[in-house]
Amino acid sequence: GAVVSQHPSRVICKSGTSVKIECRSLDFQATTMFWYRQFPKQSLMLMATSNEGSKATYEQGVEKDKFLINHASLTLSTLTVTSAHPEDSSFYICSAREVYEQYFGPGTRLTVT
Amino acid sequence: RKEVEQDPGPFNVPEGATVAFNCTYSNSASQSFFWYRQDCRKEPKLLMSVYSSGNEDGRFTAQLNRASQYISLLIRDSKLSDSATYLCVVRGGADGLTFGKGTHLIIQP
């Protein structure tokens, strides 16, 4: 199957700093990428849908100015958590769609202290 | 009402037993249905798609009932390695996937 990578896999940062997470489709081109967030013992929640070359579509309740998404190429999307706070600590997972299948990255565990 | 509902469990099942999970979804316009498996602190991985006619993949059988809006997953001859969280997932149109909270399965030796 197709491979999606994420970097970093784990990050610890101080409150108020910004963190960038990269999501890459390694062996296919993904016109659409998705960003999810998962809190402990909760389901994955879609944060935003990102289409290459256009602005991301954010789900209700997700602040677009706080979670900046850039999808500049068919193989790379980035999520920047700006001015992170402890309540942003979560497991962030990206996925990329190839035709009808969606493939997930390994996730990034963000801890804000 | 939640979009995708599952019994969170945990289901404690002896090795070799058969176990079944159900899931209900609220959006009647949903088009695609899946079961994903998620191991602790890992990303979800596709286990199988679910078709209206029902489908089987080895020890796993999935069924879809559109009229009642529920999806089922049956695991036969369960193995220790089947211990995981099983996520019921629904997609409607071009949007991303909607996940249930998952059902936690523990296979006991």
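Residues numbered from 1 in each chain as written. Chains lettered and ligands numbered in written order. Predicted model: local features only at pLDDT ≥ 70, side-chain atom pairs only at ≥ 80, totals over all residues. Heavy atoms only, no water.

## Some thoughts on the overall build of chain B
Part 1: Each helix and strand in chain B was counted, giving 0 helices and 11 strands.
Part 2: When the helices and strands of chain B are placed in sequence order, the string is β-β-β-β-β-β-β-β-β-β-β.
Part 3: For 109 residues, the compact-globule estimate of 2.2 N^0.38 gives 13 Å, and chain B sits close to it at 13 Å.
Part 4: Along the longest, intermediate and shortest principal axes, the C-alpha atoms of chain B span 40 × 30 × 20 Å.
Part 5: Pairs at least 24 residues apart make up 56% of the contacts formed inside chain B by residues separated by at least 6 positions.
Part 6: Accessible area for chain B stands at about 5400 Å²; split by element, carbon and sulfur atoms hold 47% of it. (Helix = DSSP H or I, 4+ residues; strand = E, 2+ residues; numbered from the N terminus. Rg over C-alpha atoms; globule rule 2.2 N^0.38 Å. Contact = heavy atoms within 4.5 Å. Areas by Shrake-Rupley, 256 points an atom, 1.4 Å probe, with all protein chains shown as cover.)

## Considering the interface of chain B and chain A
Part 1: In this complex, chain B contributes 16 residues to the contact, which on the side of chain A involves 18 residues.
Part 2: When chain B packs against chain A, close to 1400 Å² is buried across both sides, 48% of that on carbon and sulfur atoms.
Part 3: Of all residues in chain B, Arg41, Glu43 and Phe99 of chain B bury the most surface against chain A, accounting for 33% of the area lost on that side.
Part 4: Along the contact surface separating chain B from chain A lie 3 residue pairs in polar contact (both at pLDDT 80 or more).
Part 5: Every element with two or more residues in the side of chain B that touches chain A is listed here: β4 (32-38) and β9 (84-91) of chain B.
Part 6: Along the lines of polarity and charge, the residues of the side of chain B that touches chain A split into 7 nonpolar, 3 polar and 6 charged. (Buried area = accessible area lost by both parts, 1.4 Å probe. Polar contact = N/O pair within 3.5 Å; in protein donor to acceptor, adjacent residues only side chain to side chain. Nonpolar A, V, L, I, M, F, W, Y, C, P; charged D, E, K, R; others polar.)

## A few points about the state of the cysteines
All names here are of chain A.
Part 1: Scanning all chains against the criterion turns up 2 disulfides over all chains.
Part 2: The partner cysteine of cysteine 23 in its disulfide is cysteine 94, sulfur to sulfur 2.0 Å. Judged by the torsion about the S-S bond (80°), the cysteine 23/cysteine 94 disulfide is right-handed. In this pair, cysteine 23 sits in strand β3 (residues 19-25) while cysteine 94 sits in strand β9 (residues 90-98), placing the two residues 71 residues apart along the sequence. (Disulfide = S-S within 2.5 Å.)

## Re the pairing of strand β8 (residues 70-75) of chain B
As a general feature of sheets, a regular strand has side chains that alternate between the two faces.
All names here are of chain B.
Part 1: Two strands pair when backbone bridges link them, and strand β3 (residues 19-25) and β8 are joined in this way by 6 bridges, in the antiparallel orientation. Paired with valine 19 across the bridge in β8 is isoleucine 75.
Part 2: Summarising the sheet, strand β7 (residues 60-65) and β8 pair through 6 bridges and their orientation is antiparallel. What sits directly across from phenylalanine 60, in β8, is isoleucine 75.
Part 3: Hairpin remark: β7 followed by β8, antiparallel, with 4 residues in the connecting loop; positive phi at glutamine 69, about 60°. (Pairing = 2+ DSSP bridges.)

## Examining unusual backbone geometry
Part 1: Here histidine 7 of chain A and proline 8 of chain A are connected by a cis peptide whose omega angle stands at 0°.
Part 2: With respect to the helices and strands, proline 8 of chain A occurs in the loop between β1 (4-7) and β2 (10-13).
Part 3: In this model, glycine 9 of chain B is joined to proline 10 of chain B through a cis peptide bond whose omega is 10°.
Part 4: The backbone of lysine 41 of chain A shows a phi angle near 60°, a positive value even though the residue is not glycine.
Part 5: Residue placement: lysine 41 of chain A occurs in the loop between β4 (32-38) and β5 (45-51).
Part 6: Positive phi, normally seen in glycine, also occurs at aspartate 77 of chain B, with a value near 45°.
Part 7: Within the secondary structure, aspartate 77 of chain B sits in the loop between β8 and β9.

## Considerations on the packing of aromatic side chains
Part 1: Scanning all chains against the criterion turns up 12 aromatic pairs over all chains.
Part 2: Measuring from ring centre to ring centre gives 6.4 Å for phenylalanine 21 of chain B and tryptophan 35 of chain B, while their planes differ by 50°; the resulting arrangement is tilted. Of this pair, phenylalanine 21 of chain B sits in strand β3 while tryptophan 35 of chain B is found in strand β4, placing the two residues 14 residues apart along the sequence.
Part 3: Each residue in the set Tyr36 and Phe104 of chain A together with Phe34, Tyr36 and Phe99 of chain B is aromatic and connected to the rest through ring pairs, giving one cluster.
Part 4: Lying over the aromatic face of phenylalanine 67 of chain A, lysine 66 of chain A brings its terminal NZ or CZ to 5.9 Å of the ring centre. (Phe/Tyr/Trp six-rings, centres within 6.5 Å; stacked < 30°, edge-to-face > 60°. Lys NZ or Arg CZ within 6 Å of the ring centre and 35° of its normal.)

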